[in-house]
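This is what each chain is made of:
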Amino acid sequence: MSDSKPVTRRNFLYISTAAFSAAGAAAIGIPLVSQMNPDASVKALASTEVDVSTIVPGQSITVLWRGKPVFIRRRTEVEIAEAKEVKIEDLPDPEIDDNRVKNPEWLVMVGICTHLGCIPLGNKGDYNGWFCPCHGSHYDTSGRIRKGPAPTNLEIPDYVFLDDNTIKIG
Amino acid sequence: MSTDYKPQSAVAKWIDKRLPLITLFNGHLMQYPTPKNLNYWWTFGGILTFCLVTQIITGLVLAMHYIADADLAFSSVEHIMRDVNYGWFLRYIHANGASMFFIAVYIHMARSLFYGSYKEPRELIWIIGVFIFLLMIATAFMGYVLPWGQMSFWGATVITNLFSAIPVFGESITNWLWGGYSVGSPLLTRFFTLHYLLPFLIFGLVILHVWALHVPGNNNPEGIDVVQGSQDTVPFHPHYVVKDVFALLVFMIIFAGFVFFTPNLLGHTDNYIQANPLQTPEHIVPEWYFLPFYAILRAIPDKLGGVIMMVSAIAILAFLPWLDTSKVRSAKYRPLFRQFYWIFLANFLLLGYLGAQPAEGIYVIISRIATIYYFVHFIIILPVLGFVEKTKPLPKSISEPVLNDKERAAKAATAPA
Ligand code: HEM
Ligand code: FES
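Residues numbered from 1 in each chain as written. Chains lettered and ligands numbered in written order. Predicted model: local features only at pLDDT ≥ 70, side-chain atom pairs only at ≥ 80, totals over all residues. Heavy atoms only, no water.

S.K.: How would you sum up the overall build of chain B? Please name residues and give values.
M.R.: Of the regular secondary structure elements, chain B holds 16 helices and 2 strands. Scaling as 2.2 N^0.38, a compact globule of 417 residues should have a C-alpha radius of gyration of about 22 Å, and chain B matches this with 24 Å. Each principal axis of the C-alpha distribution contributes one length, and for chain B these read about 80 × 60 × 40 Å. The buried share of chain B, taken over its 417 residues, is 49%. Within chain B, contacts between residues at least 6 apart in sequence are counted, and of these 80% link residues at least 24 apart. On chain B, roughly 21,000 Å² of surface is accessible, and the fraction owed to carbon and sulfur atoms is 71%. Of the side chains in chain B, 26 bear a positive and 23 a negative charge, and the two mean positions are spaced by 11 Å. (Helix = DSSP H or I, 4+ residues; strand = E, 2+ residues; numbered from the N terminus. Rg over C-alpha atoms; globule rule 2.2 N^0.38 Å. Buried < 20%, exposed > 50% of the residue type's maximum accessible area, 1.4 Å probe, protein only. Contact = heavy atoms within 4.5 Å. Areas by Shrake-Rupley, 256 points an atom, 1.4 Å probe, with all protein chains shown as cover. Lys, Arg positive; Asp, Glu negative; His and termini not counted. Charge placed at Lys NZ, Arg CZ, Asp CG, Glu CD.)

S.K.: Would you mind going over the site of ligand 1 in detail, with residue names and values included?
M.R.: Residue and element names in this part refer to chain B. Contacts to ligand 1 come from 24 residues, most closely from Arg91, His94, Gly143, His195 and Tyr196. A distance of 2.8 Å separates a nitrogen atom of ligand 1 from a polar atom in the side chain of His94. Between ligand 1 and His195 there is a distance of 2.8 Å, counted from a nitrogen atom to a side-chain nitrogen or oxygen. Listing elements by their share of the shell around ligand 1, those giving two or more residues are helix H3 (44–63), helix H5 (87–115), helix H6 (123–145) and helix H9 (185–214). (Near = heavy atom within 4 Å. Polar contact = N/O pair within 3.5 Å; in protein donor to acceptor, adjacent residues only side chain to side chain.)

S.K.: I'd like a rundown of the sheet that holds strand E3 (residues 68–74) of chain A, residues and numbers included.
M.R.: Residues and elements named next belong to chain A. Strand order in the open sheet made by the 3 strands is E2-E3-E4, with antiparallel pairing throughout. Each edge of the sheet is formed by a strand with only one pairing partner; in this case those strands are strand E2 (60–65) and strand E4 (106–110). This sheet shows a mean twist of 20° between the axes of neighbouring strands, independent of strand direction. One ladder, built from 5 bridges, connects E3 with E4; its direction is antiparallel. Bridge pairing links Arg73 to Leu107 in E4. (Pairing = 2+ DSSP bridges. Axes fitted to C-alpha atoms, helices over the stretch in contact; angles between N-to-C directions.)

S.K.: Before we move on, could you go through the nonpolar core and cite the residues and values that matter?
M.R.: All names here are of chain B. Within the largest apolar cluster, 122 residues are counted, with the highest numbers of intra-cluster contacts made by Tyr66, Phe102, Phe133, Trp148, Phe293, Tyr374 and Phe378. A per-element tally of this core places H6 first, with 15 residues. In terms of domain composition, this core takes at least three residues from each of domain 2 (39–225 + 238–284) and domain 3 (295–391). With near-sequence residues (within four places) excluded, Tyr374 lies in contact with Phe293, Ile296, Ala313, Ile316, Leu317, Phe344, Asn347, Phe348 and Leu351. (Core = buried A, V, L, I, M, F, W, Y, C linked by side-chain atoms within 4.5 Å. Domains from an automatic or database assignment.)

S.K.: Which residues make up the domain arrangement of chain B, and what are the values?
M.R.: Residue and element names in this part refer to chain B. Along its sequence, chain B is organised into domain 1 (1–32), domain 2 (39–225 + 238–284) and domain 3 (295–391). Between the C-alpha centres of domain 2 and domain 3 there is a distance of 23 Å. Contact residues are listed per partner, giving 33 residues for domain 2 and 30 residues for domain 3. Taken together, the two surfaces of domain 2 and domain 3 that pack against each other cover about 2,500 Å², and 66% of this comes from carbon and sulfur. At the junction of domain 2 with domain 3, the criterion picks out 3 salt bridges. Taking the shortest distance from any N to any O, the salt bridge between Arg329 and Asp225 comes out at 3.2 Å. Applying the counting criterion to the domain 2 and domain 3 interface returns 15 residue pairs in polar contact (both at pLDDT 80 or more). (Buried area = accessible area lost by both parts, 1.4 Å probe. Salt bridge = Lys/Arg side-chain N within 4 Å of Asp/Glu carboxyl O.)

S.K.: Can you break down the environment of Leu194(B) residue by residue, with the values?
M.R.: Residues and elements named next belong to chain B. Positionally, Leu194 belongs in helix H9. Sequence spacing of Leu194 and Phe101 is 93 residues, and the spatial spacing of their C-alpha atoms is 19 Å. The contact partners of Leu194, leaving out residues within four places of it in the chain, are Met142 and Pro199.

S.K.: I'd like a description of the interface of chain B and chain A, backed by residues and values.
M.R.: Across the boundary between the two partners, chain B contributes 26 residues, which contact 26 residues of chain A. For the pair chain B and chain A, the summed buried area comes to about 2,200 Å², and 65% of that belongs to carbon and sulfur atoms. When the area that chain B buries against chain A is broken down by residue, the three leading residues are Trp176(B), Tyr181(B) and Lys303(B), summing to 34%. Inspection of the region where chain B meets chain A yields 0 salt bridges. Seen at the junction of chain B and chain A, the total is 9 residue pairs in polar contact (both at pLDDT 80 or more). By residue number, the principal contributor to the side of chain B that touches chain A is helix H7 (residues 150–161) of chain B, which donates 4 residues. Here the residues of the side of chain B that touches chain A sort into 13 nonpolar, 9 polar and 4 charged. (Nonpolar A, V, L, I, M, F, W, Y, C, P; charged D, E, K, R; others polar.)

In structure tokens form, the structure reads like this:
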């Protein structure tokens, strides 16, 4: 353009005022948004210890960890064998059984369907594992998704065996 | 309207000079010129306003007794039902009021679809309406969570988990929404806050909706423009005030029928069991008014895909004024569109039925076909119809179709060549 206007003091004031206001508004946005994140009291409850001495093979218990159910299942020999036999190509979310357990007898996983968060029912479904009634997801004896809308295997939380009878989750 | 209203009393004059409220109300609720041929499908705007006000008033008084805390919410609602004076009555009005609100809004939208009320020059009225519908969905969903029954809890879980479908940020977004690692007290408190706020935003949008309506004026069953300065219009008061009030009374009788005789018919019994994060009910279903969209969500075998389709099913409505390429508004003069309209409506109802069935076997297959048809209607049928359909000749004015032959001949003779 032939008549490009010179940059004036006023242009400078305009732009810097707008820039400072925008930065200020963004800064105010941080606490307004962040207050909704999990707070200190919620985070403080982040681990749970469980006594598993009374669980016999083929039995499972459900404990609450961070407000979520965690399944602790003492698997039978048959279930373990089934979980190991599956061909990796048959899995929508490929993962071998060994990577999902610390001790093959104990399967510890978050009992929340990875589709939309319902709690799957145990000893059900086409693969003798878990079945989620909400929208029909089938999981196998290793908690891996086999059929249905759920995208991934049931999640394995961080846990350790404190001794033979105690598991610490989280 | 030639009769410009002037306040009469000294007080009214004094106020109106400083704040012309009386003139404003007079112009928009009394003198407002309205096509004289509006049928009863046009009374639902007034009915919807009544529903909104009812929800706000009953909601305010419920909020005086309700406690938004995961440990106390369920018992505070039982307290409303058993101890609070007329608590059962107020709660049943509020709970059934939400259903009545949705019945009315679906009829109101179906009316707009049939008579082409979303077309030029009324696009913005329609788009503001779509936003009102979205806010209503959000409000009703969050309201249903408040009693903290099993359906409240698991409905909240399933719906908030929709956000986990977002790639990469999904988990942080859901944790942020929950204020924790699962649905619990923090979510309940924020839902209560928003459930309280949103109806007032809806109220604001309703004002914009009516404002935008009063610029071009109402559409009408013929779908043609009002002839300026003709006898096509009548003042809103008393003609439509009376018609609206009559329709409203009929609506209130039905509403009262639900409240007094079958207050829990539209609800779900599982919601009288307190929320239990360790047990999912056998069969999770949303409130009836969400069922068609829920069916679309479940029809898609992929998590993210399902969420995208469900959101698109509503979002696509906002583009309707441009998807429908026909210049003729009313379905009365569109013989082909009229048939597709009824098929679309039947398909929508079918989706609603499917949303309540378990997601297995034949239901899944029919859901998929119905979902595809829903989108085909908007993306293919409507745009194409505008080009291929031979519409019927439009009347010259609103008065013309009701004149008898003799009068019409007389009119034609006097009409300028
Ligand atoms: C667009 C308007 C509104 C709609 C569609 C709506 C919808 C709902 C629904 C479906 C419920 C659950 C009813 C049940 O099953 O118990 C509910 C509960 C509740 N709503 Fe609203 N609401 C609206 C406006 C309001 C407003 C403005 C307030 C407060 C000022 C409010 C306060 C409450 C309270 C305290 C509850 C819990 C008590 C109960 O469950 O009955 N609502 N609402
Ligand atoms: S939540 Fe489990 S299948 Fe949808």
